[in-house]
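Architecture and fold: a report
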Amino acid sequence: MLFAPPPTIEATPFASLIQATEAVEPSWGGNQPRGTPSKSLLEGPSFGSDGLLYCVDVQNGRVVRFSEEGACEEVVRYHGWPNGLKFGRDGRAYIADYMHGIMVLDLDTRQVTPLVERYHAERFRGVNDLFFAANGDLYFTDQGLTGHQDPGGRVFRYAAGGRLELVLDRIPSPNGLVMNLAENALYVAVTRANAVWRVPFMQDGSVAKVGTFIQLSGGIGPDGLALDANGGLAIAHVGMGSVWVTDARGEPTFRITSTVGDHITNVAYGGEGNRTLFITESSSASVLKAELKVPGKTMFSQSG
């Protein structure tokens, strides 16, 4: 570590996930590494147009939402493994589903329908997270069980016009992703490399000179990412019970610590002034929060 230890902020409890009303689907957890939370996996925090926080519960096939006071409500349950969630400007929730691909939830009808299920007629390895660029292009990671033993993870772009493009492959476990402020580069959390990669774009939309932006140590690796209004990153560090907040250059500014468990999976800015960071912790199936000085960057669903 080349930097001085950053100040520590202790996250406070916000909400807890309600238990599934039906038996847990065993096939997801049974095919994950030992030590993965066994009853639920809380992920994908994102704020809808109603101002409420939505999350997914991967192995129970659920989308849930939390009231401003933290009360949890099941929105929909379907046959799938929803792993990430972001809202579009159309008010619909776009889901990275590990089982199926990219799905879309219409909140009015509570129906979940497929958007992208294959690339060149082949199934994905297991999509994980997604991000909307300002022009409406949807980026998502295809992680599966990749790692150093099989660095075959990928990043895709589903262009606003409907074209699916492979952006980058041969990644050892791509996870959360977000673009920088200028949207000329993509940050990708590469979990098994315990690093955040910077993926610069060429004029034609291809990528070159991909490199390590932040190298972490300990725990398992980075998961979800969020950008603040100054271009800084919030990095959920699974296995460390921490969220690292950096400035735009990658220098740590804060360490946010969990009081309930180490399985920090993802983060999202919200609350008054967009200055509250909401944090999913899966071993306790709970949501934490921390107040920060710099607000989060306005999301695609909130702009335009």
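Residues numbered from 1 in each chain as written. Predicted model: local features only at pLDDT ≥ 70, side-chain atom pairs only at ≥ 80, totals over all residues. Heavy atoms only, no water.

1. Points about the sheet that holds strand β10 (residues 111–116)
- Reading across from one edge, β7-β8-β9-β10 is the order of the 4 strands in this open sheet, with antiparallel pairing throughout. The two strands at the open ends of the sheet, each matched to only one other strand, are β7 (82–87) and β10. Each strand of the sheet is rotated relative to its neighbour by a mean of 30°, with strand direction disregarded.
- Bridge analysis of strand β9 (residues 101–106) against β10 gives 5 bridges, and the strand direction is antiparallel. Note on β10: the bridge partner recorded for D106 is Q111. (Pairing = 2+ DSSP bridges. Helix = DSSP H or I, 4+ residues; strand = E, 2+ residues; numbered from the N terminus. Axes fitted to C-alpha atoms, helices over the stretch in contact; angles between N-to-C directions.)

2. So, unusual backbone geometry
- At R170, a residue that is not glycine, the phi angle is positive and equals roughly 60°.
- In this structure, R170 sits in strand β16 (residues 164–171).
- In this structure R170 comes out as exposed when scored by relative accessible area, which is 67%.
- The phi dihedral of N194 is positive, around 55°, even though this residue is not glycine.
- Tracing the backbone through its elements, the reader meets N194 in the loop between β18 (185–190) and β19 (195–200).
- Residue class for N194 comes out buried when judged on its relative accessible area of 11%. (Buried < 20%, exposed > 50% of the residue type's maximum accessible area, 1.4 Å probe, protein only.)

3. Some remarks on the side chain of S282
- Mapped onto the secondary structure, S282 falls in the loop between β26 (276–281) and β27 (286–291).
- A polar contact is formed between the side chain of S282 and the backbone oxygen of L42, at a distance of 2.8 Å. (Polar contact = N/O pair within 3.5 Å; in protein donor to acceptor, adjacent residues only side chain to side chain.)

4. Some points on the state of the cysteines
- This model, assessed by the stated rule, comprises 0 disulfides.
- The thiol of C55 is not disulfide-bonded; the next cysteine sulfur, from C72, is found 8.1 Å away.
- For C72, a relative accessible area of 16% puts it in the buried group. (Disulfide = S-S within 2.5 Å.)

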